Amino acid sequence: MGLRITERYDPEADLVLVEGDWSELLSQVPDESVRLVVTSPPYNLGKPYETRLDMDEYLAQQHRVILECVRVLAPNGSICWQVGNYVRNGEIVPLDIVLYPLFADLGLHLRNRIVWHFGHGLHNTRRFSGRYEVVLWFTKTDEYIFNLDAVRVPQKYPTKRHFKGPKKGQLSGNPLGKNPGDVWIIPNVKANHVEKTAHPCQFPVELIERLVLALSDEGDWVLDPFIGSGTTAIAALMHGRKAMGADIVPEYIAIARERIRLAEKGRLRIRPMERPVYDPNNPKATVPPKYVHLPHGAQDKLPLFGEDSE
Ligand SMILES: C[S@@+](CC[C@H](N)C(=O)[O-])C[C@H]1O[C@@H](n2cnc3c(N)ncnc32)[C@H](O)[C@@H]1O
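Residues numbered from 1 in each chain as written. Predicted model: local features only at pLDDT ≥ 70, side-chain atom pairs only at ≥ 80, totals over all residues.

1. A short note on the overall build of the protein chain
Cut-off, in case you're wondering: A run of DSSP states H or I qualifies as a helix once it reaches four residues; a run of E qualifies as a strand once it reaches two. Both are numbered from the N-terminal end. Taken over C-alpha atoms, the radius of gyration is set against a globule rule of 2.2 Å times the number of residues to the power 0.38. A residue pair is marked as a contact if its C-beta atoms, positioned from the backbone, fall within 7 Å.
Looking only at helices and strands, the protein chain has six helices and 13 strands in total. Relative to the globule expectation of 19 Å for 310 residues, the C-alpha radius of gyration of the protein chain, 20 Å, shows essentially globular dimensions. With respect to the principal axes defined by its C-alpha atoms, the protein chain has extents near 60 × 50 × 45 Å. Taking all contacts inside the protein chain whose residues are at least 6 apart in sequence as the whole, residues at least 24 apart take part in 64%.

2. Focus on helix H3 (residues 95–105)
Threshold: Whether a residue is buried, exposed or partly exposed is read from the other C-beta atoms within 10 Å of its own C-beta, which are placed from the backbone; 20 or more gives buried, 12 or fewer gives exposed, and intermediate counts give partly exposed. The arc in question is formed by the directions pointing from the helix axis toward the C-beta atoms.
Those residues of H3 not exposed but buried are Leu95, Asp96, Leu99 and Phe103. The buried residues of H3 occupy an angular sector of 75° when the element is viewed end-on, so they sit on one face. Structural note: H3 exposes Pro101, Ala104 and Asp105 on the side pointing more than 90 degrees away from its buried face. Looking at the packing, one finds that the buried side of H3 touches helix H2 (55–72), strand S4 (73–83), strand S5 (85–88), strand S6 (91–94), strand S7 (109–117) and strand S8 (132–139).

3. With respect to the confidence of the model for the protein chain
What counts, and what does not: The pLDDT value tells you how sure the predictor is about a given residue, anywhere from 0 up to 100.
In the predicted model, the protein chain carries a mean pLDDT of 91, and the fraction of residues at 70 or more is 94%. Segment residues 301–310: pLDDT under 50, and 18 contacts once partners within four positions in sequence are set aside and those in other chains are kept.

4. What to know about the pairing of strand S10 (residues 221–224)
Which entries qualify depends on this criterion: Here, any two strands with at least 2 DSSP bridges between them count as paired. The handedness of a crossover follows from its direction of travel: if, with the strands pointing away from the viewer, the path from the first strand over the helix to the second runs clockwise, the crossover is right-handed.
Where burial is concerned, the two faces of S10 agree: the one with Trp221 and Leu223 and the one with Val222 and Asp224 are both buried. Here strand S3 (residues 34–39) pairs with S10 via two bridges, running parallel. Bridged to leucine 36 within S10 is valine 222. Direction of pairing for S10 relative to strand S11 (residues 242–247): parallel, over a ladder of four bridges. Each residue of the ladder has a partner; that of leucine 223, found in S11, is methionine 244. With respect to chirality, the unit in which S10 leads through helix H5 (residues 231–238) into the neighbouring parallel S11 is right-handed.

5. Some details on unusual backbone geometry
A positive phi is found at glutamate 32, a non-glycine position, where the angle reads about 55°. Following the sequence through the fold, glutamate 32 ends up in the loop between helix H1 (22–26) and S3. Accessibility expressed as a C-beta count within 10 Å gives 15 for glutamate 32, which makes it partly exposed. With phi around 50°, asparagine 89 is a residue other than glycine that occupies positive phi space. Mapped onto the elements, asparagine 89 comes out in the loop between S5 and S6. Its 4 C-beta neighbours within 10 Å are what place asparagine 89 among the exposed residues.

6. Examining the sheet that holds S11
The pairing of strands in a sheet happens through backbone hydrogen bonds and is either parallel or antiparallel. The cut-off we apply is this: All axes here are fitted lines through C-alpha atoms, helices being fitted over the stretch that makes contact, and every angle between N-to-C directions spans 0 to 180 degrees.
Taken together, nine strands build an open sheet; the order of strands is S1-S2-S11-S10-S3-S4-S8-S7-S9 and the sheet is mixed. Every other strand in the sheet has two partners, leaving strand S1 (5–6) and strand S9 (183–185) as the edge strands with one partner each. Strand direction decides the pairing type here: S3 and S4, joined by five bridges, are parallel. Within S4, the position partnered with valine 34 by the bridge is leucine 73. Here helix H4 (residues 205–215) sits on the sheet in contact with S3, S4, S7, S9 and S10, set at roughly 160° to S3. Contacts from H5 reach strand S2 (15–19), S3, S10 and S11 within the one sheet, and its direction differs from that of S11 by about 175°.

7. Re the packing of H5 against helix H6 (residues 250–264)
Put simply, the rule is: Note that the term roughly parallel is reserved for angles under 35 degrees, roughly antiparallel for angles over 145, roughly perpendicular for angles of 65 to 115, and oblique for everything else. A clockwise turn of the near helix away from the far one marks a right-handed crossing, whereas an anticlockwise turn of less than a right angle marks a left-handed crossing. Residue classes follow a fixed rule: Ala, Val, Leu, Ile, Met, Phe, Trp, Tyr, Cys and Pro count as nonpolar, while Asp, Glu, Lys and Arg count as charged, and any other residue, Gly among them, counts as polar.
Between H5 and H6, whose axes approach to 9 Å, the crossing angle comes to 25°. The angle between H5 and H6 places the two elements in the roughly parallel class. Where H5 crosses over H6, the handedness of that crossing is right-handed. Here Ala233, Ile234 and Leu237 of H5 come into contact with H6, specifically with Ala256, Arg259, Ile260 and Ala263. For the contact of H5 with H6, the per-class residue count stands at six nonpolar, no polar and one charged.

8. Focus: the nonpolar core
The test is simple: By our criterion, buried Ala, Val, Leu, Ile, Met, Phe, Trp, Tyr and Cys residues that link up through C-beta atoms within 7 Å make up a nonpolar core.
Ranked by internal contacts, the top residues of the largest apolar core, which has 66 residues, are Val37, Ala233, Ile234 and Leu237. Broken down by element, this core gets its largest block of residues, seven residues, from H4. If sequence neighbours within four positions are ignored, valine 37 has contacts with Cys69, Leu73, Ile79, Cys80 and Leu223.

9. Observations regarding the environment of isoleucine 270
Relative to the assigned elements, isoleucine 270 resides in strand S12 (residues 269–270). Once the C-alpha coordinates of isoleucine 270 and glycine 228 are considered, the two residues, 42 residues apart in sequence, prove to be 17 Å apart. Among residues more than four places away in sequence, those in contact with isoleucine 270 are Val194, Glu195, Val205, Pro289, Lys290 and Val292.

10. Things to note about H5
In terms of residue burial, H5 counts as a mostly covered element, since eight of its eight residues are buried. Three or more residues of H5 are buried, namely Thr231, Thr232, Ala233, Ile234, Ala235, Ala236, Leu237 and Met238. As for H5, its buried residues are in contact with S2, S3, H4, S10, S11 and H6. Immediately beyond the C-terminal end of H5, within one or two residues, lies glycine 240, with a positive phi of roughly 75°.

In structure tokens form, the structure reads like this:
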């Protein structure tokens, strides 16, 4: 059986994809029904899909959508707001700093300010080039889902043992791997990235996979009110979650639909979570792109072939 995709909220759907304003989708979603909200909102930079607003107006707009996300969030759920900088006359305004009070005033609890570091971007001449963005991870209450074992990464010294004391001889690190920490080094989606579409600012699937695995369980709803090219939905569906999202630009919804259609057929390629960042001194230390596998039925069986894009 294939995915059940609807254009209106339906509790029985696997994916709800709305072409329209986020409020159109959110107005249909029941209270406390979503386990994870993960999104990258417009940064107010004058991208093709946004009108540049003054900061107060931008924050008022963000406040409206955050308020609705909090309403639909389950008591043990999480909100992840992925943002960079707003730039005004060469001066930067880190959006996480100005947005934090909106969440805190609604009683949300900040669990991590994750720094997402990447190697490529604009080369600035009047300030240091920006090479990170931020994910603010908030929970609604103190009782929240955090599946750490699902996202552990290899230990640096997996065979290291305690050399004295009562644990002498035992492995000193968790054999399942270590906590990935709050600085995540993941390539951003630039022209040569295997996931690149015509959308101007996609986030990479692997960034969202880690959040989905850690902060939700199978069968949960994952919401992205600004879904763009559908990255959040891909990460959620790959791991047995249900996804819903909206975008006001029809072209981006079309891209999202096409990516989901390819994923359903086992023909969408992504950069795998376990792939190390490219090291020119060790170019062979790599893992090839992989095809998304959705746990929703039969897929074409395709041979995997490598590609050297990041
Ligand atoms: C930063 S992009 C998100 C990209 C997405 N994370 C991805 O991986 O493709 C922000 C998106 O918000 C959409 N957008 C802007 N205003 C919106 C609104 N009022 N309602 C829904 N979507 C909106 C834009 O069209 C854009 O695709």
